[in-house]
Amino acid sequence: MAAGRRVIGAEHVEEARARGRIVVEILPGDIVTALASETAQRLGIRLVDGPIERPAVARTDGGTSLRRVLYRRSPKWVAPKPATPRNARRLTKLALIGAGGVGGTIGHLAANADLVDEIALIDIAPGLAEAVALDLNHASGISRTRARAVGGTDAALVSGADVVVVTAGRPRTPGMSRADLIDVNRRVVQAAAEAIRTQAPGAIVIVVTNPLDEMTVEMLRATGFPRERVLGMAGTLDSSRFRNALAAAAGVGPADVEAMTLGSHGDEMAPIVSLARIRGRPLEMFLSPARIDACVQDAVTGGGQVVALRKSGSATLAPAHAAIELIDHIRGARTGPVPVSVMLDGEYGIAGVVLGVPCHLGRGGLVAVEELNLTDAERTALRAAAEAIRGRLGL
């Protein structure tokens, strides 16, 4: 091969996606493999002939740089908004199995964001899904969204969906753990899986029904889908609760906090303290160890706090926003790792069980699991969560 020529493979495209890029530059003489082209199309990455003209680098004197650093460390510092990729894909159809509090709110958020052509809501309660769909369509006269909603009790409404979100199932009541719902909601998930398998065999499935990790395993078993297309929504919600607790304790805005929780969606949750940051700096610079521990506990018990206050039912708004976050990653509106419950295959030394880990998502669902540099205690917590889930499912 001539000097200077490169072979652009799928790994180069995946690396570009991981870094939040939407373009891979192809220089004269470069060879692009067929797998790289296929991967680029799947992830929404453009292969562009180069060399690409780049703007001149702005030069800044030392005094200005110092002032910027000092401003960033000041109480007036405002977190920059994350960059939004410009090639987000619009979904053709989003199906929601369960049109109650979480499902209805997901439909509302999806319609307002105008990220899909059709929203199908399915619920066993006669008239509920139809009412929510009609309500969403009535709101379109104000929101001007192009999304149209349909609703009904027939599971065949999932037909042709790009993404199916399953929220159906019995919610928790005060004093009830997520594990108490296994036998009740297993039957609900199996029925939903049968409809998805036959009517939407190419869909990506997002499971929200509790107990989340266990029900994601049931969905995998019942659909027979590969692990890439069956995702559990938990880590996004738990991470949001963790970030909210840290922001409140430190007296900053949630946008100033970067933090992630892994493990299970329950008592074995593992908030990753070692990698959490407030305004780009370790938590210890803002909070005492006791305050950090309190924030961890707040994240673990956040869902139970809502259940205790509502008396009947569980959280609806935050879970719906968390589901939309996953959908945005799937369609390319967001990039970078996001915590998702997936079937592990050796990552973090764990296999054969669903667990919340940081993942890169794309058009086909799971692209890759990112292995973070965790402390020994955090890795132990992940393994403990995995064994707890195995035990509850008899794996």
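Residues numbered from 1 in each chain as written. Predicted model: local features only at pLDDT ≥ 70, side-chain atom pairs only at ≥ 80, totals over all residues. Heavy atoms only, no water.

A. The arrangement of the overall build of the chain in detail. Along its length, the chain carries 11 helices and 18 strands. By the burial criterion, 49% of the 395 residues in the chain qualify as buried. Contacts in the chain between residues at least 24 apart in sequence constitute 68% of all its contacts with a sequence separation of at least 6. When the accessible surface of the chain is split by element, carbon and sulfur atoms take 53% of a total near 18500 Å². (Helix = DSSP H or I, 4+ residues; strand = E, 2+ residues; numbered from the N terminus. Buried < 20%, exposed > 50% of the residue type's maximum accessible area, 1.4 Å probe, protein only. Contact = heavy atoms within 4.5 Å. Areas by Shrake-Rupley, 256 points an atom, 1.4 Å probe, with all protein chains shown as cover.)

B. Main features of the sheet that holds strand S11 (residues 257–258). What the 3 strands build is an open sheet, ordered S11-S14-S15; its pairing is antiparallel. Bordering the open sheet on either side are S11 and strand S15 (281–282), each of which pairs with just one other strand. Sheet topology places strand S14 (residues 277–278) next to S15; 2 bridges connect them, and they run antiparallel. Across the sheet, residue Arg-277 finds its bridge partner in S15, namely Pro-282. (Pairing = 2+ DSSP bridges.)

C. Inspection of the packing of helix H6 (residues 182–199) against helix H7 (residues 212–223) at higher detail. One can describe the packing of H6 onto H7 by two numbers: an axis separation of 9 Å at closest approach and a directional angle of 35°. Where H6 crosses over H7, the two elements pack in a sense that is right-handed. In contact with Ile-182, Asn-185, Arg-186, Val-189, Gln-190, Ala-193, Ile-196 and Arg-197 of H6, H7 contributes Glu-214, Met-215, Glu-218, Met-219, Ala-222 and Thr-223. Among the residues making up the contact of H6 with H7, the classes are represented as 7 nonpolar, 3 polar and 4 charged. (Axes fitted to C-alpha atoms, helices over the stretch in contact; angles between N-to-C directions. Left-handed = near helix turned anticlockwise from the far one by under 90°. Nonpolar A, V, L, I, M, F, W, Y, C, P; charged D, E, K, R; others polar.)

D. Region of interest: the packing of helix H1 (residues 10–18) against helix H2 (residues 34–43). With their axes 7 Å apart at the nearest point, H1 and H2 run at an angle of 25° to one another. The orientation of H1 relative to H2 falls into the category roughly parallel. Across the interface between the two elements, Ala-10, Val-13, Glu-14 and Arg-17 of H1 pack against Leu-35, Ala-36, Thr-39, Ala-40, Arg-42 and Leu-43 of H2. Here the contact of H1 with H2 is built from residues that sort into 6 nonpolar, 1 polar and 3 charged. (Parallel < 35°, antiparallel > 145°, perpendicular 65-115°, else oblique.)

E. Quick peek at the pairing of strand S9 (residues 204–207). Along S9, one buried face is formed by Ile-204 and Ile-206 and the opposite face, lined by Val-205 and Val-207, is buried too. Both strand S8 (residues 163–166) and S9 contribute to a ladder of 4 bridges, which runs parallel. Across the sheet, residue Val-164 finds its bridge partner in S9, namely Val-205. Across 3 bridges, S9 lies against strand S10 (residues 230–232) in parallel orientation. Across the sheet, the residue bridging to Val-207 is Gly-232, located in S10. With respect to chirality, the unit in which S9 leads through H7 into the neighbouring parallel S10 is right-handed. (Right-handed = clockwise from strand over helix to strand, strands pointing away.)

F. The arrangement of helix H8 (residues 235–250) in detail. Helix length check: H8 (16 residues) gives 22 Å between terminal C-alpha atoms against 22 Å at 1.5 Å per residue, within 8%. Taken together, the buried positions of H8 are Gly-235, Thr-236, Leu-237, Asp-238, Ser-239, Arg-241, Phe-242, Ala-245, Leu-246, Ala-247 and Ala-249. (Expected span 1.5 Å × (residues − 1).)

G. Focus on the pattern of salt bridges. This model, assessed by the stated rule, comprises 17 salt bridges. Across the salt bridge formed by Arg-90 and Asp-114, the nearest N and O atoms sit 3.3 Å from each other. In this pair, Arg-90 is assigned in the loop between helix H3 (62–73) and strand S5 (91–97) and Asp-114 in the loop between helix H4 (101–113) and strand S6 (116–122), connecting sequence segments 24 residues apart. For Arg-90, a relative accessible area of 23% puts it in the partly exposed group. Ionic pairing is found between Glu-194 and Arg-197, a salt bridge with its closest N-O pair at 2.8 Å. One end of the pair, Glu-194, and the other, Arg-197, are both in helix H6, 3 residues apart, so they sit about a helical turn from each other. Classification of Arg-197 by relative accessible area gives partly exposed; the value is 37%. Bridged by salt links that share partners, the residues Arg-90, Asp-114, Asp-117 and Arg-146 form one connected network. (Salt bridge = Lys/Arg side-chain N within 4 Å of Asp/Glu carboxyl O.)

H. Geometry of the environment of Gly-251. Residue placement: Gly-251 occurs in the loop between H8 and S11. A C-alpha to C-alpha distance of 9.3 Å links Gly-251 and Phe-286, two positions 35 residues apart in sequence.

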